Amino acid sequence: MGDVPFIPLNNGVTIPQLGFGVYRIAPGQTEQAVLAAFEAGYRHIDTAQRYGNEKQVGRALARSGLSRDAVFLTTKLDVDRHGRREAIRELEKSLGRLGTDHVDLYLIHWPEPGADRYVETWTGFEEVLADGRARAIGVSNFTRAHLQRLAAESTTIPAVNQVECHPLFARTRLREFHRLQGIETEAWGPLGQGGPLLAEAEVVRLAHEYGRSPAQIVLRWHVQLGNIVCAKSTRPERMRQNISVVDFALDDADMHVLTALDVGEHRGPDLDHCPGPTGRLRRVARRVPGARRAVRAARALRSR
Ligand code: NAD
């Protein structure tokens, strides 16, 4: 397995670079999955109010025998709970479910630009940071424009922005913007959510060359870029595989090969052009013939 590196966040708190994500793990499976992840060596768990499994994450933590300080816990404020008071109240509920008095990282799950309350929400986040209920605060699925507004209207720079990122959607410009702002990039869907990425010819070729699995090649790419990564699997052998990526290195040419796979192919909604997490535009665009072209044309007009 090797030692998982720690990445320092902009307030000095450190986070294990490789974490375990529990999105779409049914509550009935979560406790066992998280215990298996601890067994595999993970000490960083990424959950969210929306996943409905915080309670089971908390139970696994309690049963594991690990001290609270040994585990880095992230949760996220649900999309329809924006507001200063809501941010604080909902964290209290999360802490109750997780069975702890603090989280290590509290994220705004989505900016919800349609509601336009993320700046107000952030003031609640600053309060829980100040009183220690969250050791670090950050955001998720924020675009550059959302981050710029937060910087202009508040005093705390998010420690991380957790965004979809993988070789088919490498986020090169956003990651560079994060770097300049002192924000760490955390990759969700780091394996492309089990989509076509792991069967890409170049990924498979590199897997043969390095004697690793396609997932390990992709995760190693993330590690070398400096991304914080939370892959998900309920299978213990894959959990072990996904954390065993610190004992080899891709050379520069192969890093470029993987980054060159970027075709802007994302699996989540496009927040630059979509008002909310439901991906309304994309779903309509998939169903209605010609609508995808119309959406693209509208975007092109808007970006002129
Ligand atoms: P992922 O990229 O981690 O893909 C998970 C899927 O990849 C698995 O279901 C499995 O099919 C496959 N897989 C995993 N390990 C493998 C291996 N070694 N070999 C072959 N296939 C393998 O996708 P994800 O779960 O969506 O993302 C990871 C975590 O990111 C989530 O669990 C969650 O914590 C977080 N997340 C956050 C957001 C957000 O909006 N902030 C959105 C989605 C996910």
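All figures in this text were calculated on a predicted structure; none of them were measured in a lab.

J.: Looking at this structure, how should I read the overall build of the protein?
T.: Scanning the protein for helices and strands turns up 12 helices and 10 strands. Out of the 304 residues belonging to the protein, those deemed buried represent 52%. In the protein, once contacts between residues fewer than 6 apart in sequence are set aside, the share between residues at least 24 apart is 72%.

J.: Mind showing me how you'd approach the side chain of His222 here?
T.: Position of His222 relative to the elements: it lies in helix H8 (residues 214-225). The exposure class assigned to His222 is buried, which follows from its relative accessible area of 0%. A distance of 3.0 Å separates the side chain of His222 from the backbone oxygen of Pro190, its partner in a polar contact. Residues in contact with His222, not counting those within four places in the same chain, are Gln17, Cys165, His166, Ala187, Pro190, Asn227 and Val229.

J.: In this structure, what is going on with the pairing of strand S8 (residues 160-164)? I would like to understand it.
T.: The two faces of the sheet receive side chains in turn, since in a regular strand these alternate between them. Across the five residues that make up S8, a large majority, five, are buried. Following the backbone out of strand S7 (residues 137-140), through helix H5 (residues 144-153) and into the adjacent parallel S8, one traces a crossover that is right-handed. Pairing geometry for S8 and strand S9 (residues 184-188), over five bridges, is parallel. Across the sheet, residue Glu164 finds its bridge partner in S9, namely Trp188. Read as a crossover between parallel neighbours, the route from S8 over helix H6 (residues 172-181) to S9 is right-handed.

J.: How should the site of the ligand be read in this particular structure?
T.: Close to the ligand lie 27 residues, the nearest being Asp46, Leu191, Gln193, Cys230 and Gln241. Between the ligand and Gly189 there is a distance of 3.1 Å, counted from an oxygen atom to a backbone nitrogen or oxygen. Elements with a minimum of two residues in the shell around the ligand: strand S10 (228-231) and helix H9 (236-243). The leading source of residues in the shell around the ligand is H9, at three residues.

J.: How do you make sense of the sheet that holds strand S3 (residues 18-21) when you look at a structure like this?
T.: To summarise the sheet geometry, strands pair through backbone hydrogen bonds and adopt either a parallel or an antiparallel arrangement. With respect to topology, eight strands assemble into a closed barrel ordered S3-S4-S5-S6-S7-S8-S9-S10, the strand pairing being parallel. Averaged over all pairs of adjacent strands, the angle between strand axes in this sheet comes to 25°, irrespective of strand direction. Relative to S8, S7 is paired through two bridges, and the arrangement is parallel. Paired with Val139 across the two strands is Asn161, which belongs to S8.

J.: Sorry, what's going on with H9 here?
T.: The periodicity of an α-helix, 3.6 residues per turn, causes residues three or four places apart in sequence to face the same way. All of the buried residues in H9 are Met239, Asn242 and Ile243. Viewed end-on, H9 has its buried residues packed into an arc of 95°, placing them on one side of the element. Buried residues along H9 sit in contact with S3, helix H1 (27-40), H8 and S10.

J.: What should I look at first to understand the nonpolar core in this one?
T.: The tendency in soluble globular proteins is for nonpolar side chains to be buried side by side. Membership of the largest hydrophobic core comes to 69 residues, with the highest contact counts inside it found for Phe20, Ile45 and Tyr106. In terms of nonpolar packing, the next biggest core, distinct from the first, is built from 11 residues, Leu9, Leu105, Leu107 and Val160 among them.

J.: Is there a simple way to think about the packing of aromatic side chains in this case?
T.: Two aromatic rings, taken as a pair, are described by how far apart their centres are and by the angle between their planes. Enumeration over the complete set of coordinates arrives at six aromatic pairs. Ring centres of Tyr210 and Phe248 lie 6.2 Å apart, and the angle between their planes is 55°; this geometry places the pair in the tilted category. Within this pair, whereas Tyr210 is found in helix H7 (residues 201-210), its partner Phe248 is found in the loop between H9 and helix H10 (252-259), the two being separated by 38 residues in sequence. Taken together, the aromatic side chains of Tyr106, Trp122 and Phe125 make up a single cluster linked through ring pairs. One cation-aromatic arrangement involves Arg220 over Phe248; the distance from NZ or CZ to the ring centre is 5.9 Å.

J.: Got a minute to help me understand H10 in this structure?
T.: Residues of H10 that are buried include every one of Asp254, Met255 and Leu258, and no others. Down the axis of H10, the sector holding all buried residues measures 105°, keeping them to one side. Opposite its buried face, H10 presents the exposed residues Asp252 and His256, each directed more than 90 degrees away. For H10, the side-chain oxygen to backbone nitrogen distance between the N-cap and Ala253 is 3.2 Å, and the N-cap itself is Asp251.

J.: Would you take a moment to explain the packing of H7 against H8 for this structure?
T.: When two helices pack together, their arrangement is given by the angle between their axes and by how far apart the axes lie. Where H7 contacts H8, the axes come no closer than 8 Å and their chain directions differ by 95°. One element, H7, and the other, H8, form an angle in the roughly perpendicular class. Where H7 abuts H8, its residues Val203, Leu206, Ala207 and Tyr210 lie against Pro214, Ile217 and Val218. Considering only residue class, the contact of H7 with H8 consists of seven nonpolar, no polar and no charged.

J.: Looking at this structure, how should I read the pattern of salt bridges?
T.: Note on pairing: side chains with opposite charge can pair once their charged atoms come close. The full count for this structure, using the stated rule, is 23 salt bridges. Ionic pairing is found between Arg135 and Asp104, a salt bridge with its closest N-O pair at 2.8 Å. Taken as a pair, Arg135 in the loop between helix H4 (118-130) and S7 and Asp104 in the loop between helix H3 (84-98) and strand S6 (105-108) lie far apart in primary sequence, 31 residues in all. The class of Arg135 is partly exposed, set by a relative accessible area of 36%.

Calculation rules
- Residues numbered from 1 in each chain as written.
- Predicted model: local features only at pLDDT ≥ 70, side-chain atom pairs only at ≥ 80, totals over all residues.
- Heavy atoms only, no water.
- Helix = DSSP H or I, 4+ residues; strand = E, 2+ residues; numbered from the N terminus.
- Buried < 20%, exposed > 50% of the residue type's maximum accessible area, 1.4 Å probe, protein only.
- Contact = heavy atoms within 4.5 Å.
- Polar contact = N/O pair within 3.5 Å; in protein donor to acceptor, adjacent residues only side chain to side chain.
- Right-handed = clockwise from strand over helix to strand, strands pointing away.
- Pairing = 2+ DSSP bridges.
- Near = heavy atom within 4 Å.
- Axes fitted to C-alpha atoms, helices over the stretch in contact; angles between N-to-C directions.
- Arc of directions from axis to C-beta.
- Core = buried A, V, L, I, M, F, W, Y, C linked by side-chain atoms within 4.5 Å.
- Phe/Tyr/Trp six-rings, centres within 6.5 Å; stacked < 30°, edge-to-face > 60°.
- Lys NZ or Arg CZ within 6 Å of the ring centre and 35° of its normal.
- Parallel < 35°, antiparallel > 145°, perpendicular 65-115°, else oblique.
- Nonpolar A, V, L, I, M, F, W, Y, C, P; charged D, E, K, R; others polar.
- Salt bridge = Lys/Arg side-chain N within 4 Å of Asp/Glu carboxyl O.

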